[in-house]
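Fold and contact review
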Amino acid sequence: GLGFNIVGGTDQQYISNDSSIYVSRIKKDGAAYLDGRLQEGDKILAINGKDLKDLLHKDAVELFRNAGYDVSLKIQRRLQPQNGPVGHQGDGESGGLPLAAILVPGLALAATAVWILLRYRQRM
């Protein structure tokens, strides 16, 4: 196989009002994993030049199964999710600060406090 699973289709929409085909899982040590370019959440627009628009899920699966040895995929990179399902950016609201924006200053403050405490104890 190609080393990945797909979701979507006109009969099994992965994202509401979107019948596109998406990569749901990349199998470790499979062809897609070893190649490294495909990512979970990517939308697959075409395989070997065949458009995947408006297909039933089973028909899309059949195209992948019969793709042959040399496979060409046209994909659309997934949007990086803030919070929520893959492929949706929501209404533009970030849903809060990124974790690093909280942790980095917090760790710096904690390290400074420990340093001050140790210096204070050395003087006693």
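None of the values given here were measured: they were computed from a predicted structure.

**Overview of the pattern of salt bridges**
Opposite charge on two side chains lets them pair, provided their charged atoms get close. This structure, assessed with the given rule, holds 4 salt bridges. Its salt-bridge partner being Arg-37, residue Asp-35 comes within 2.8 Å of it at the nearest N-O pair. Judged by its relative accessible area of 43%, Asp-35 falls in the partly exposed class. In this structure, Arg-77 engages Asp-42 in a salt bridge whose closest nitrogen and oxygen atoms are separated by 2.4 Å.

**Quick notes on helix H2 (residues 57-65)**
Buried within H2 we find His-57, Ala-60, Val-61 and Phe-64. For H2, the buried positions fall inside an angular range of 100 degrees around the axis, keeping them on one side. Where H2 is buried, its residues contact strand E1 (4-8), strand E2 (21-26), strand E3 (43-47) and strand E5 (73-76).

**So, the pairing of E3**
Looking along a regular strand, one sees the side chains alternate between the two faces of the sheet. With 4 of 5 residues buried, E3 is to be regarded as a mostly interior element. Of the strand pairs in this sheet, E3 and E5 are connected by 4 bridges, and their pairing is antiparallel. Directly across from Ile-47, in E5, lies its bridge partner Leu-73. Judged from the 2 bridges that link them, E3 and strand E4 (residues 50-51) form a sheet pairing that is antiparallel. Following the sheet pairing, Ile-47 is matched in E4 by Lys-50. Counted along the chain from E3 to the antiparallel partner E4, the turn is 2 residues long, and its residue Asn-48 has a positive phi close to 50 degrees.

Definitions and limits used
- Residues numbered from 1 in each chain as written.
- Predicted model: local features only at pLDDT ≥ 70, side-chain atom pairs only at ≥ 80, totals over all residues.
- Heavy atoms only, no water.
- Salt bridge = Lys/Arg side-chain N within 4 Å of Asp/Glu carboxyl O.
- Buried < 20%, exposed > 50% of the residue type's maximum accessible area, 1.4 Å probe, protein only.
- Helix = DSSP H or I, 4+ residues; strand = E, 2+ residues; numbered from the N terminus.
- Arc of directions from axis to C-beta.
- Contact = heavy atoms within 4.5 Å.
- Pairing = 2+ DSSP bridges.

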